[in-house]
Amino acid sequence: MSLLEVPSPPIPAEAQETGLVVPPSSRRELRGSRGATARRALALAAAGTAVAAAVLFAIALPSMRTASWSELGLLFAASPAFVLSLVLAPVACCLALAAGSRRLAWVALVVTVLVHRLPLTLATDAPAYSWTGKHLGVTDLIGAHGGVVPGVDIYQAWPGMFAAAAWLQAVTGLDPMVLAHWFPVLAQLAFTLAVYAFARSAGRTRETALTAALIAQLANWVGQDYFSPQAVAAVLAVGALALLLRSRRHPAFAWLALVLFAAVTVTHQLTPYWLTAVVVAFCILGAARPRWIAVLFIAVAGGYLALNYDVVQQFGPLLSVDAAANVRTVNLDETGPGQALAALGGRIATALLWVGALLAFVTALVRHRRGRAAVLALGAAAFAPFALLLGQGYGGEALFRVMLYSIPGCAVLVAPWIRRLLAVPGGARVGRRAVRTSTRRRGVRIPRPMRTRAVRIAAGSVVVAVLAVSSAQAYFGAWFAYQVSPETYRDVSAVLRSAPEGALVLGVAPGAPGRTVAEYAPLAIYDPQFDAVMTTWDGWRGTEIGDAERIDRFTRDLIWQGRPTYIVMTDEMKSYSDFYRVYPEGAIDEFERLLLAHPRWTTVVHDDHATIVRLADDPAAG
Amino acid sequence: MKPRLPRSDESRWSLLVLAAAVAGLVLSLATPPTAIAVPLAVAFVALGPGGAVRLWVPMPRALTAVSVPLTGLAVLILGAAAMAIVDWWQPRLLAAVLAGAAAVAVLVHSSIALPHARRAARGIPADARAAGEGGP
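Residues numbered from 1 in each chain as written. Chains lettered and ligands numbered in written order. Predicted model: local features only at pLDDT ≥ 70, side-chain atom pairs only at ≥ 80, totals over all residues. Heavy atoms only, no water.

Student: For this particular structure, what's the right way to read the overall build of chain B?
Tutor: A tally of regular secondary structure across chain B gives 5 helices and 0 strands. Reading chain B from its N end, one meets helices and strands in the order α-α-α-α-α. Residue burial in chain B is summarised as follows: out of 136 residues, 41% are buried. Across chain B, contacts joining residues at least 24 apart in sequence account for 59% of those joining residues at least 6 apart. Of the roughly 6900 Å² of accessible surface on chain B, 68% is carried by carbon and sulfur atoms. (Helix = DSSP H or I, 4+ residues; strand = E, 2+ residues; numbered from the N terminus. Buried < 20%, exposed > 50% of the residue type's maximum accessible area, 1.4 Å probe, protein only. Contact = heavy atoms within 4.5 Å. Areas by Shrake-Rupley, 256 points an atom, 1.4 Å probe, with all protein chains shown as cover.)

Printed below as a string of structure tokens:
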């Protein structure tokens, strides 16, 4: 390691000879000079590593744009320089923290966020994740209609983020697609900064708070940070927690937190209830003041839920106490190696965070008998999200939400341990033991504690690197299943704009955006399932759909329904299907070929990215 | 010689919030090109409403960096969501109201709190000034 190779400060002759005894004054000099040199070397290494990470990312960027489809995701498809940059950036932050250079640590932290999130913006031409399209549609609807349209979908009852985006579009002319494209970077930067403030409010030092922010960034493989209500709600929620922890001294902060909480309440369906649980715990433990303000938080969340209770009921019971069912996730049936590897990455990152946080929590409880309330408050922030599993499955996404919500609290709990590994060399512990036992390496005497510190820094960096890689595999593992081309956005939007009332716009598989423009609203009012995906039909998922007899049969069924019907088939659907094993390989291609040749289906769009066919009105058509 | 007063944290924030309020007013009255309007909107939301609160509620630096922009975002979300829910969509009016509120907060703060801070900086008790005993 470069730390061990830096020119050593002069070591007193007596120590060089015997390695045992150094006068006290010499020991102080030794301690000071060696520590300063080591810190300088570490700072230099940190700066170099951060620059290397940024340069490697820039080198890898073109390969991300042109990467061929790989079931194992972007880490395997892009240049290895990308993986190196993902590892080196957080390691640079660790080295900077070890060097005691906060400024450098901040720079490395920002580089870390950028190399982990910029691919979604710079390596793509349109916002990733097909479900982003729905959020763009609601934003467009509010701007076009001048308000929400109750009854269209659940988003109309929680319009906070969409209304804010529509406001931004109205006053600036900014295309929401552009905002959505840059959203992951902005959301993750804000989330990381919010965790830092939360850690500071929890009494952590600046260095430990930086470590917490780094851990929160690295552990966040959930991918909530796209253009979505939960991304905004998560940032606001962590900000509210940071304010609440400061309210012990200044109760005004609790009122500010209430404003943020109100915004969370009108933005996202689930986040307010996790936040309410934490607020109640804070107030009971005396970590937030005035204690009775918890009642106002409950009133805001409960009141808004009561106002929209009819909407919630449409999506099933409010409480589902079957925890085993709630734990089940939508996409973690390991049906392919890519999915299995991504799930493994997520599990490793989650286990590192949760197990580390639990150990840190228990240790802190045992050690800090006086400050148990503060430790319990952090424990509440870290582990209260698990209570969600007792009450809601959230459409198979509850476990992802638990992970997301647990990140800030767990990161703040774990941070002191990582920070301790990265302790600044040259501190008070360099003393007699520093010269009692030593070894020789390249002619430079390296006292054992310094070697120990080097090992500790290396250990801390390795933990962080493992977290970074496993989390990145979970985040980028399904890269090719989640990319959407601008042409597909354009084609789907064009169909929605021209679709007559009562039309069905069916997708052969998930993966393509839907409801991308305001015109989806009349279709959704007519039939909330107007854009159903065929995999939800009985006997379709996993079967050979490229079968002429089956196509004839379902075409007859659709004719019998008497509704204008479109079928959308896109490259994104094929990628999604191949990744999640939705259909046998090549089945969608065959299905597409048969539909294009079928006399009852006319071609609306047929290009390199998408094929959209429409059921002909006239039986003689084709 | 008149003593030179150190520019306090409050006066810096007053200037920032006023600038943000002006940005908000520009957005509410005109339609600048997107490349100009977006930074104006970001500055307005990130510094305006939250900065106005910050004037009245001093806070640590780490908290300021988070709570000021998030307060602005929260206020914007609440205002925009309220307009969307009641079906009365007036985005420019919302910008004007928030900008006006931020400007008023600065003016009120300047007329009440800043003189106190300046007197404190000069070492003149407020009640002495009120009794006509102070002055530079």
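Student: What am I meant to see in the overall build of chain A here?
Tutor: Of regular secondary structure, chain A possesses 29 helices and 6 strands. Residues counted as buried form 59% of the 622 residues belonging to chain A. Look at the contacts in chain A between residues 6 or more apart in sequence, and 77% of them connect residues 24 or more apart. Within the structure as shown, chain A displays about 24500 Å² of accessible surface, and the carbon and sulfur contribution to it stands at 60%.

Student: How should I be thinking about the pattern of salt bridges in this particular structure?
Tutor: All names here are of chain A. Under the definition given, this model contains 13 salt bridges over all chains. A salt bridge links aspartate 527 to arginine 563; the shortest N-O distance between them is 3.1 Å. Residue aspartate 527 is located in the loop between α26 (520-526) and α27 (548-561), and its partner arginine 563 is located in the loop between α27 and β4 (565-570); the two are separated by 36 residues in the primary sequence. For the salt bridge of glutamate 592 with lysine 574, the shortest nitrogen-to-oxygen distance reads 2.7 Å. With glutamate 592 in helix α29 (residues 587-597) and lysine 574 in helix α28 (residues 571-580), this residue pair connects regions lying 18 residues apart in the sequence. For glutamate 592, a relative accessible area of 9% translates into the label buried. Residue class for lysine 574 comes out buried when judged on its relative accessible area of 18%. The structure contains a network of salt bridges with shared partners spanning Asp571, Lys574, Asp589 and Glu592. (Salt bridge = Lys/Arg side-chain N within 4 Å of Asp/Glu carboxyl O.)

Student: How do you make sense of a positive patch on the surface when you look at a structure like this?
Tutor: Residue and element names in this part refer to chain A. On the surface, a cluster of positive charge is made up of Arg248, Arg249, Arg289 and Arg291. Within the secondary structure layout, arginine 249 lies in the loop between α12 (229-246) and α13 (252-265). Exposure remark for arginine 249: the relative accessible area of 74% places this residue in the exposed category. (Patch = residues over 30% accessible without salt bridge, like charges linked within 9 Å, V, L, I, M, F, W, Y side chains within 5 Å. Lys, Arg positive; Asp, Glu negative; His and termini not counted. Charge placed at Lys NZ, Arg CZ, Asp CG, Glu CD.)

Student: Would you explain the nonpolar core in this entry?
Tutor: The nonpolar side chains of soluble globular proteins are, as a tendency, buried together. Counting residues in each nonpolar core, the largest one holds 251 residues, and the members touching the most others are Trp167 and Phe591 of chain A. When sequence neighbours within four positions are dropped, the list of residues in contact with tryptophan 167 of chain A reads Ala41, Phe44, Val45, Leu76, Ala80, Trp89, Pro91, Leu94 and Ala95 of chain B. (Core = buried A, V, L, I, M, F, W, Y, C linked by side-chain atoms within 4.5 Å.)

Student: Mind showing me how you'd approach a nonpolar patch on the surface here?
Tutor: Residue and element names in this part refer to chain A. On the surface, Leu344, Ile348, Leu352, Val462 and Val466 cluster together to form a nonpolar patch covering roughly 390 Å² of accessible area. Sorting the residues of the nonpolar patch by element identifies α18 (337-367) and α23 (448-476) as the ones contributing at least two each. Here the nonpolar patch gets 3 residues from one element, more than from any other, and that element is α18. Checked against the element boundaries, valine 466 lands in helix α23.

Student: Explain unusual backbone geometry here, please?
Tutor: Backbone phi values are negative for most residues with the exception of glycine, while trans is the configuration of most peptide bonds. Residue and element names in this part refer to chain A. Between arginine 289 and proline 290 the backbone carries a cis peptide bond, its omega angle lying at -10°. You can see proline 290 is positioned in the loop between α14 (271-285) and α15 (293-307). With a phi close to 70°, tyrosine 129 is a non-glycine residue in the positive phi region. Structurally, tyrosine 129 can be placed in the loop between α7 (119-122) and α8 (132-145). Residues other than glycine seldom take positive phi values, yet arginine 515 does so here, at roughly 55°. With respect to the helices and strands, arginine 515 occurs in the loop between β3 (504-507) and α26.

Student: I'm lost on the interface of chain B and chain A in this one. Help?
Tutor: One frequently used descriptor of interface size is the decrease in accessible area upon assembly of the parts. With 36 residues of chain B at the contact, the number on the chain A side is 41 residues. The contact between chain B and chain A buries some 3000 Å² in all, and 83% of this surface belongs to carbon and sulfur atoms. Area buried by chain B at its contact with chain A is led by Leu63, Ile77 and Trp89 of chain B, which between them contribute 20% of it. Remark: the boundary between chain B and chain A carries 0 salt bridges. Taken together, the connections running from chain B to chain A amount to 4 residue pairs in polar contact (both at pLDDT 80 or more). Looking at the side of chain B that touches chain A, the element that brings in the most residues is helix α3 (residues 61-85) of chain B, giving 17 residues. (Buried area = accessible area lost by both parts, 1.4 Å probe. Polar contact = N/O pair within 3.5 Å; in protein donor to acceptor, adjacent residues only side chain to side chain.)

Student: How should I be thinking about the packing of aromatic side chains in this particular structure?
Tutor: Aromatic ring pairs are defined here through the distance separating the ring centres and the angle between the ring planes. Residue and element names in this part refer to chain A. Under the criterion given, the structure shown has 31 aromatic pairs over all chains. For the ring pair tryptophan 131 and tyrosine 482, a centre distance of 5.2 Å and an interplane angle of 75° mean the geometry is edge-to-face. Of this pair, tryptophan 131 sits in the loop between α7 and α8 while tyrosine 482 sits in helix α24 (residues 479-482); the two residues are 351 residues apart in sequence, bridging distant segments of the chain. Taking relative accessible area as the criterion, tryptophan 131 reaches 26% and is therefore assigned partly exposed. Taking the relative accessible area as the measure of exposure, tyrosine 482 reaches 14% and is therefore buried. In this structure an aromatic cluster arises from ring pairing among Tyr129, Trp131, Tyr226, Tyr482, Tyr576, Phe579 and Tyr580. Taking NZ or CZ as reference, arginine 117 lies 3.9 Å from the ring centre of tyrosine 475, over its face. (Phe/Tyr/Trp six-rings, centres within 6.5 Å; stacked < 30°, edge-to-face > 60°. Lys NZ or Arg CZ within 6 Å of the ring centre and 35° of its normal.)

Student: Sorry if this is basic, but what is going on with the packing of α14 of chain A against helix α19 (residues 372-383) of chain A here?
Tutor: Each packed pair of helices is defined by two parameters, the angle between the axes and the distance between the axes. Residue and element names in this part refer to chain A. Where α14 meets α19, the closest approach of the two axes is 9 Å, and the angle between their N-to-C directions is 175°. Between α14 and α19, the interaxial angle falls into the category roughly antiparallel. Contacts between α14 and α19 involve Trp274, Val278, Ala281, Phe282 and Leu285 from the former and Ala373, Leu376, Ala377, Ala380 and Ala381 from the latter. Grouping the amino acids of the contact of α14 with α19 by side-chain chemistry returns 10 nonpolar, no polar and no charged. (Axes fitted to C-alpha atoms, helices over the stretch in contact; angles between N-to-C directions. Parallel < 35°, antiparallel > 145°, perpendicular 65-115°, else oblique. Nonpolar A, V, L, I, M, F, W, Y, C, P; charged D, E, K, R; others polar.)

Student: Even after reading the chapter, I still don't get the confidence of the model for chain B, so can you show me in this structure?
Tutor: The predicted coordinates should not be examined in detail at positions where pLDDT is low. All names here are of chain B. A residue-level look at chain B finds 82% of positions with pLDDT of 70 or above and a mean pLDDT of 85. When mean pLDDT is compared element by element in chain B, α3 scores highest at 97, while helix α5 (residues 126-130) scores lowest at 46. Predicted confidence for residues 1-6 stays below pLDDT 50, and this span has 3 contacts to residues more than four positions away or in other chains. Counted against residues more than four places away or in other chains, residues 126-136, with its pLDDT under 50, gives 11 contacts. Here the predicted complex carries an ipTM of 0.87, next to a pTM of 0.88. (pLDDT = per-residue confidence, 0-100.)

Student: Before we go on, may I ask you to explain helix α9 (residues 160-172) of chain A in this structure?
Tutor: Three- or four-residue spacings in an α-helix give side chains the same orientation, since the helix completes a turn every 3.6 residues. All names here are of chain A. In this model, α9 (13 residues) spans 18 Å end to end at C-alpha, consistent with the 18 Å of a helix rising 1.5 Å per residue. Of all the 13 residues making up α9, 11 are buried; the element is thus mostly covered by neighbouring parts of the structure. All of the buried residues in α9 are Gly160, Met161, Phe162, Ala163, Ala164, Ala165, Ala166, Trp167, Leu168, Val171 and Thr172. One or two steps after α9, the chain reaches glycine 173, where phi turns positive at roughly 80°. (Expected span 1.5 Å × (residues − 1).)

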